[in-house]
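Survey of secondary and tertiary structure
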Amino acid sequence: MAIAAFDIGGTSVKYGLWNGKELGRKGSFPTPKTWDEMKAGFNRVFEEFAADEEVTGAGFSFPGSVDMEKGAIFGLSAVPYIHRFPIRDELERELGVPVKMENDANSAALAELWRGAATEVKNALFVVVGTGVGGAVIVNRQIVRGMNLFGGEFGCMLLDDSTPLSMVGTPFQAANRYTEKSGETIDGKELFDRAERGDELAQHEVAVFQNALAQGIHNLLVCFNPELLVVGGAISVREDFLEQLTDKVNGLLQKTGSTDVEARIVPCTFHNDANLIGAVSKFELEP
């Protein structure tokens, strides 16, 4: 028996097949422009899996505010046509198997709770650094969703009168600032490469990004005092970055007199597969 997993993003839909031990048969297709095209993509992948496997369920990681009881997605996302209708019921009719669904950042957190970096703790925060900053709050190994399903939207945290964390605290935004000032179009990886080669503008934008993210994480640590804070997103693979980030956070804790707060900041385990594995985990973790 196997579980199909899908992770819906603004530019691509990733998928894989969980065989009970690991995620295999991974792939992706460009995010379609309509819901009918999206369903056709799901059906195509599911039929390929089911041709030689007994697929007993499908897990979905979605952007937006996922209402588990209603089986619908509220809020906003880069995929507007998935919102505000009984999407879970429609997917179950399409695929003919039970469907479980979760918000994308929460999916990543579930993966790390289930088999990743947070298997040994009860209370943790997950900060996912991508185009913006998302996350999840875990208390007693349960996701805290909030009254309006807004729990974990750390990127909306204001760092001053008007600047939310998501606008400054990511490599994506740092690279955009570099591009605007230099006229050269680069991505986050190239920004860090240029900073290491001594490019002063790149070094400045990396520092702005790191300082903003450190400020956001400091605020989260003093508010929640978790056992562990797990960082996800492509930046989490850089060991030097996490070391520098921890140093900056500890410096802020010293500055605010919060020296009893321990900054245990670690990278996620599953990286690009986290959302898929988290979607699958709901079949194991929920009744």
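Residues numbered from 1 in each chain as written. Predicted model: local features only at pLDDT ≥ 70, side-chain atom pairs only at ≥ 80, totals over all residues. Heavy atoms only, no water.

On to the environment of Leu213, then. Within the secondary structure, Leu213 sits in helix H7 (residues 200-224). Considered as a pair, Leu213 and Gly155 are 58 residues apart in the sequence and their alpha carbons are 9.6 Å apart. (Helix = DSSP H or I, 4+ residues; strand = E, 2+ residues; numbered from the N terminus.)

Here helix H9 (residues 274-285) contains 12 residues, and its C-alpha end-to-end distance of 15 Å stays within 8% of the 16 Å for a straight helix at 1.5 Å per residue. In terms of burial, H9 is largely enclosed, as 9 of its 12 residues are buried. (Expected span 1.5 Å × (residues − 1). Buried < 20%, exposed > 50% of the residue type's maximum accessible area, 1.4 Å probe, protein only.)

This paragraph deals with the sheet that holds strand E7 (residues 99-103). Pairing is mixed in the open sheet, where 5 strands are placed in the order E3-E2-E1-E4-E7. The sheet is open, and its two edges are formed by strand E3 (23-30) and E7, each paired on a single side. Each strand axis lies, on average, 15° off the axis of its neighbour in the sheet, ignoring direction. As defined by bridge partners, strand E1 (residues 2-8) adjoins strand E2 (residues 12-18) across 6 bridges and the pair is classed as antiparallel. Within the sheet, the bridge partner assigned to Phe6 lies in E2 and is Tyr15. Sitting on the sheet, helix H3 (residues 104-115) is in contact with E1, E2, strand E4 (55-62) and E7, with an inclination near 105° to E7. (Pairing = 2+ DSSP bridges. Axes fitted to C-alpha atoms, helices over the stretch in contact; angles between N-to-C directions. Contact = heavy atoms within 4.5 Å.)

The description of two helices packed together rests on the angle between their axes and the distance between the axes. Interaxial distance between helix H1 (residues 35-50) and helix H2 (residues 87-95) falls to 10 Å at its minimum, and their mutual angle equals 45°. Between H1 and H2, the angle is such that the two are oblique. Crossing of H1 against H2: the hand is right-handed. Residue-level contacts link Trp35, Lys39, Phe42, Asn43 and Phe46 of H1 to Ile87, Glu90, Leu91, Glu94 and Leu95 of H2. Partitioning the contact of H1 with H2 into residue classes produces 6 nonpolar, 1 polar and 3 charged. (Parallel < 35°, antiparallel > 145°, perpendicular 65-115°, else oblique. Left-handed = near helix turned anticlockwise from the far one by under 90°. Nonpolar A, V, L, I, M, F, W, Y, C, P; charged D, E, K, R; others polar.)

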